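# Breakdown of the fold
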2 protein chains.
Amino acid sequence: MRRTSHIAELSEIIISQKKQGRKIALVPTMGFLHRGHLALIEQAKQTDAFVVVSIFVNPLQFGPNEDLSRYPRDLERDAHLVEEAGVDVLFHPTVEEMYPRPMLTFVEVGELDKMLCGSSRPGHFRGVTTVVSKLFHIVQPDLAFFGQKDYQQYLIIKRMVTDLNLPIEICPVPIVREEDGLALSSRNIFLNSEQRQEALVLSKSLNEAETSIHGGQRSAEKIERQLREKITLESQGVIDYVEVRDADDLSKVTDIKRPVLLALAVKFGTTRLIDNKVVEVEHDV
Amino acid sequence: MRRTSHIAELSEIIISQKKQGRKIALVPTMGFLHRGHLALIEQAKQTDAFVVVSIFVNPLQFGPNEDLSRYPRDLERDAHLVEEAGVDVLFHPTVEEMYPRPMLTFVEVGELDKMLCGSSRPGHFRGVTTVVSKLFHIVQPDLAFFGQKDYQQYLIIKRMVTDLNLPIEICPVPIVREEDGLALSSRNIFLNSEQRQEALVLSKSLNEAETSIHGGQRSAEKIERQLREKITLESQGVIDYVEVRDADDLSKVTDIKRPVLLALAVKFGTTRLIDNKVVEVEHDV
């Protein structure tokens, strides 16, 4: 595996692979890798593409009061993991390399970036779409892999790619969970053991809501209430949002008739966790 | 020369050229071509690249009260001109092809897009940078050619490319003028003969201002006043702006010490014309 923190060096590697007719797959990450990231890499490997993993904790997507400085980092451990996973290149630029001068240019996906995580983290998705644009231009991938844990991010990136005619296929990868159901996240490390236990309410409430929908419940409002009540009753988590949205465009849903996204963000102590589930419904005739 | 209005067809052509190791040059235009555009094409041809000319009157960069519907168009004449000029592909997509669904994604270059033409045409440069991003992703050029008549646009595109790591060289091409000095513009067709005559004051005032600077005048304010007075005295043109700005970053200038942009926008009847001149100064020791 090759490692570089330099854009120019990476570009040379990419160009030479492209010349050989090789497809390029990108797995963009913020590092501190877990099995969720490894699932992205595994899917990328299955395409037979030349696999580039980027590790970059992007300051642009953190708000002023967010956890940029304490976001967990462990580059050597990450490098070891991606090498073992059979990645071709690890790209780990510095902030200086990615932002050598003040940024004037931003890429924004309107509407989709205002709701859910966008309303509690203003500017977050603008930071994501801008850095992902940069990575797309640097790596020139044919395929890029995004985890469905950040479902809204996945939809936003997909829309950006469509709207701006980027010649890239965006591949979603299902959420990877611990055996007890907790969705993997680099931020889980911040949970103490009590919070870790309480956080199980997220996946449990999503599962119960799915059962309700499959059992015939079609009221989005009732599903939202069910989720809220479970979380509030069974944990001390502070709800940021709990929403039932259209799974394709995140529009508000009243009656559940098409696939919906059950999405939630809950704070345990100072740690904000997100989780979600896409629930398909059979069409009522 | 090949002609297509379809993105997919163009992409195939581009991919096959790239496979043969050919560089791609893009000349993006809004059509109704004049010798200014032909100068862009000529420079593109000199690079030995495969030359793509796009013609697209981009609704996104016109304000609600601007001249989108009456912007001059003549595709057959244009096609003939570019074929004669030795262009390899003419890409003339429809609005439907470029914007098949409502756009949610926009590319913006902050600060640079608020001043000069940006302040009198809010949203204009956002429309330009967004469509140029799309064209860059569709055509995947190695080089792209922009006329210096739209100097602010050229700087904004250059900044966008740098900020977003687009692997494209932005090549500026000097303003082409009529023999009497009028800068070529597709909008000149709207001038009646009296306005056409009065519009000469633009290039004349720029030349006089350059002479003043070369003669030792270093006060940006005095140069601006000189420009304004000449235009006001010698024409019925209504000044939109007259400014002396830093030629690299468009920042405000008090004392002229480095290359400056003399930039102006003036309305003759309902036709708004722009013109500019970059003036170098010798360093005072």
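On a predicted model such as this, the values are computed, not experimentally measured, just so you know. (Residues numbered from 1 in each chain as written. Chains lettered and ligands numbered in written order. Predicted model: local features only at pLDDT ≥ 70, side-chain atom pairs only at ≥ 80, totals over all residues. Heavy atoms only, no water.)

Our next topic: the sheet that holds strand β6 (residues 143-147) of chain B. All names here are of chain B. Pairing in this open sheet of six strands is parallel, and the strands run β1-β4-β3-β2-β6-β7 from one edge to the other. Each edge of the open sheet carries a strand with a single partner, namely β1 (2-4) and β7 (169-173). Between one strand axis and the next, the sheet turns by 25 degrees as a mean value, whatever way the strands run. Of the pairings in the sheet, the one linking β6 to β7 comprises five bridges and is parallel in character. Considered in β7, the bridge of G147 is made with V173. Most of the contacts of helix α6 (residues 124-139) go to strand β2 (residues 24-29), to which it runs at about 150 degrees, and overall it touches β2, β3 (50-55), β4 (89-91), β6 and β7. (Pairing = 2+ DSSP bridges. Helix = DSSP H or I, 4+ residues; strand = E, 2+ residues; numbered from the N terminus. Axes fitted to C-alpha atoms, helices over the stretch in contact; angles between N-to-C directions. Contact = heavy atoms within 4.5 Å.)

Moving on, we come to the pairing of strand β3 (residues 50-55) of chain A. Residue and element names in this part refer to chain A. Along β3, six of the six residues are buried, which leaves the element largely enclosed by surrounding structure. Side chains of β3 alternate between two faces, with F50, V52 and S54 and V51, V53 and I55 buried alike. Bridging between strand β2 (residues 24-29) and β3 involves six bridges; their strand directions are parallel. Residue T29 lies in a different strand from β3, and its bridge partner there is I55. Running through helix α2 (residues 35-46), the crossover from β2 to the neighbouring parallel element β3 is right-handed. Where β3 lies against strand β4 (residues 89-91), three bridges are found, and the strand directions are parallel. (Buried < 20%, exposed > 50% of the residue type's maximum accessible area, 1.4 Å probe, protein only. Right-handed = clockwise from strand over helix to strand, strands pointing away.)

Together, K18, K19 and K23 of chain A together with K18, K19 and K23 of chain B make up a region of like positive charge exposed at the surface. Mapped onto the positive patch, the elements with two or more residues apiece are α1 (7-19) of chain A together with α1 (7-19) of chain B. Note that K18 of chain A resides in helix α1. The exposure class assigned to K18 of chain A is partly exposed, which follows from its relative accessible area of 35%. (Patch = residues over 30% accessible without salt bridge, like charges linked within 9 Å, V, L, I, M, F, W, Y side chains within 5 Å. Areas by Shrake-Rupley, 256 points an atom, 1.4 Å probe, with all protein chains shown as cover. Salt bridge = Lys/Arg side-chain N within 4 Å of Asp/Glu carboxyl O. Lys, Arg positive; Asp, Glu negative; His and termini not counted. Charge placed at Lys NZ, Arg CZ, Asp CG, Glu CD.)

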